[in-house]
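Residue-level structural notes
These are the residues of each chain, in order.
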Amino acid sequence: MKNYDLTKRILVTGGAGFIGSHLCERLLEQGHEIICLDNFYTGRRANIAHLISNPLFEVLRHDICFPLYVEVDEIYNLACPASPVHYQFDPVQTTKTSVHGAINMLGLAKRVKAKILQASTSEVYGDPAVHPQDESYWGNVNPIGLRSCYDEGKRCAETLFFDYHRQNNVKIKVARIFNTYGPRMHPNDGRVISNFTMQALKSEDITIYGDGTQTRSFCYVDDLVDGLIRLMQSPDDFTGPVNLGNPSEVSILELAEKIIELTNSKSQIVFAFLPEDDQRRRQPLLEMAKIQLDWKPSTELNEGLIRTIDYFRKIVKPYEQAVVV
Ligand SMILES: NC(=O)c1ccc[n+]([C@@H]2O[C@H](COP(=O)([O-])OP(=O)(O)OC[C@H]3O[C@@H](n4cnc5c(N)ncnc54)[C@H](O)[C@@H]3O)[C@@H](O)[C@H]2O)c1
């Protein structure tokens, strides 16, 4: 039975996106009422189609660059294109989404006294001079490069969160999310796991930039969602920023070989020149999340990849025939 004392009305911006749709699903399972806000820039109706019939779920087509007034208890602010191909398509809009979006959602949180969580990113560390990165590192970010619309937009959003907290007592939470993967990633987002999986399922060559010895660490989406909810539920005096990710490193070559094996693909690996801004390593330090949230990721890469490949397998055929909506 629904417990009205414990259930809340929660706004999830970017709720039709990859991470947002999993978050909406989990919060609904917990009995909360969800307002899923999205302008469908990179989000897809297919991601939330299975939630539409739930009477506790409501979809709101809205762009967070414009003000909004809804009565809610909590706000998860995830709206923002997240992969380079998407955020570089319209960089001015990307910065606006991070900055104007943060101002609008913080203004809403202030007016209705809601707690608000920001989906920040490991990209605030830029091209890090320290490895692995903990939250005290201030980062090494180029303010005028092609990635700056995303990195600096997210950094400015963090600033706004902390100023609304200091100036207006808004209850804030800031999560610095590292590479996350899983079902409902956009098949064309250019990220390494979706790229390799789509190439493997279509038996196309798998392109590795550089020699493949560069490493990455990947967090399965269910683990990340668990971390975000724990952060929202943490005591009010814990604001973060806190890293959420998976510290297990895998080389890009190993990852390609794993995906070829798991998809039983005939794809061949081919090597191309490494782009200039490619990072050698990106790995989170998770001490703060362990201590403050009692959280650490638990899904092994193989297990997460199998679930992700299953998802892509289902969409690869229709995707080849038509545009995914
Ligand atoms: N996926 C990752 O590895 C990762 C890593 C670090 C941070 N993040 C952050 O997590 C959040 C979600 O990322 P994702 O991977 O699910 O990306 P996504 O692109 O799948 O989701 C973003 C969602 O926001 C929506 N959106 C974009 N601009 C909007 C606007 N102006 N108004 C309303 N909606 C808008 C999109 O339509 C989409 O549904 C983002 O803020 C991203 O920066 C993700």
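Data block above holds the structure.
These notes cover the structure that comes with them. (Residues numbered from 1 in each chain as written. Predicted model: local features only at pLDDT ≥ 70, side-chain atom pairs only at ≥ 80, totals over all residues. Heavy atoms only, no water.)

A short note on the overall build of the protein chain
Helices and strands together make up the secondary structure of the protein chain, namely ten helices and 13 strands. A compact globule built from 325 residues should have a C-alpha radius of gyration of about 20 Å, and the protein chain, at 19 Å, falls within 12% of that. Structurally, the protein chain occupies a C-alpha span of about 55 × 45 × 40 Å along its principal axes. Taking all contacts inside the protein chain whose residues are at least 6 apart in sequence as the whole, residues at least 24 apart take part in 81%. Of the accessible surface of the protein chain, which amounts to about 15200 Å², a share of 51% is contributed by carbon and sulfur atoms. Separation of charge centres in the protein chain, based on 35 positive and 41 negative side chains, amounts to 4 Å. (Helix = DSSP H or I, 4+ residues; strand = E, 2+ residues; numbered from the N terminus. Rg over C-alpha atoms; globule rule 2.2 N^0.38 Å. Contact = heavy atoms within 4.5 Å. Areas by Shrake-Rupley, 256 points an atom, 1.4 Å probe, with all protein chains shown as cover. Lys, Arg positive; Asp, Glu negative; His and termini not counted. Charge placed at Lys NZ, Arg CZ, Asp CG, Glu CD.)

Details of the nonpolar core
Counting residues in each nonpolar core, the largest one holds 60 residues, and the members touching the most others are Tyr76, Leu228 and Leu255. Discounting residues that sit within four places of it in the chain, Tyr76 has contacts with Ile10, Leu11, Val12, Thr13, Leu23, Leu27, Leu117, Leu228, Ile229 and Met232. (Core = buried A, V, L, I, M, F, W, Y, C linked by side-chain atoms within 4.5 Å. Buried < 20%, exposed > 50% of the residue type's maximum accessible area, 1.4 Å probe, protein only.)

Quick look at the state of the cysteines
As enumerated under the stated definition, the model contains zero disulfides in all. Here Cys80 is not disulfide-linked; the sulfur of Cys149 is the nearest cysteine sulfur, at 8.3 Å. The exposure class assigned to Cys80 is buried, which follows from its relative accessible area of 15%. For Cys149, a relative accessible area of 9% puts it in the buried group. (Disulfide = S-S within 2.5 Å.)

Focus on the environment of Gly245
Here Gly245 lies in the loop between β11 (242-244) and β12 (249-251). In this structure Gly245 comes out as buried when scored by relative accessible area, which is 0%. Taking the C-alpha atoms as reference points, Gly245 and Leu224, 21 residues apart in sequence, are found 6.8 Å from one another. Setting aside anything within four residues of it in sequence, one finds Gly245 in contact with Phe178, Cys219, Pro284, Leu286, Trp295 and Pro297.

A few points about the site of the ligand
Near the ligand lie 31 residues; those nearest to it are Asp38, Thr42, Tyr150, Lys154 and Arg191. Taking Phe18, its main chain carries an N or O atom lying 2.9 Å from an oxygen atom of the ligand. In this structure, an oxygen atom belonging to the ligand sits 2.6 Å away from a side-chain N or O atom of Thr42. In isolation the ligand has 820 Å² of accessible area, and contact with the protein removes 97% of it. Secondary-structure elements contributing two or more residues to the shell around the ligand are α1 (18-29), β2 (33-38), α4 (91-112), β5 (115-121) and α5 (148-168). Here the shell around the ligand takes three residues from β5, the largest share from any one element. (Near = heavy atom within 4 Å. Polar contact = N/O pair within 3.5 Å; in protein donor to acceptor, adjacent residues only side chain to side chain.)

What about the packing of α4 against α5?
It is the contact of α4 with α5, at a shortest axis distance of 8 Å, that shows an interaxial angle of 15°. Classified by the angle their axes make, α4 and α5 are roughly parallel. Judged by the twist between their axes, the crossing of α4 over α5 is right-handed. Contacts between α4 and α5 involve Pro91, Thr94, Thr95, Ser98, Val99, Ala102, Ile103, Leu106, Gly107 and Lys110 on the former and, on the latter, Cys149, Tyr150, Gly153, Lys154, Cys156, Ala157, Leu160, Phe161, Tyr164 and Asn168. Classifying every residue of the contact of α4 with α5 by side-chain character gives twelve nonpolar, six polar and two charged. (Axes fitted to C-alpha atoms, helices over the stretch in contact; angles between N-to-C directions. Parallel < 35°, antiparallel > 145°, perpendicular 65-115°, else oblique. Left-handed = near helix turned anticlockwise from the far one by under 90°. Nonpolar A, V, L, I, M, F, W, Y, C, P; charged D, E, K, R; others polar.)

Remarks on the packing of aromatic side chains
Scanning the entire structure with this criterion turns up six aromatic pairs. A centroid spacing of 6.3 Å and a plane angle of 85° characterise the contact between Tyr181 and Phe218, whose relative ring orientation is edge-to-face. Of the two residues, Tyr181 sits in strand β7 (residues 180-181) while Phe218 sits in the loop between β9 (215-217) and β10 (219-220), which places them 37 residues apart along the sequence. Given a relative accessible area of 1%, Tyr181 falls into the buried group. Every member of this aromatic cluster is reached through a ring pair, and the members are Tyr125, Tyr137 and Phe178. Just above the ring of Phe40 sits the side chain of Arg45; from NZ or CZ to the centre is 5.7 Å. (Phe/Tyr/Trp six-rings, centres within 6.5 Å; stacked < 30°, edge-to-face > 60°. Lys NZ or Arg CZ within 6 Å of the ring centre and 35° of its normal.)

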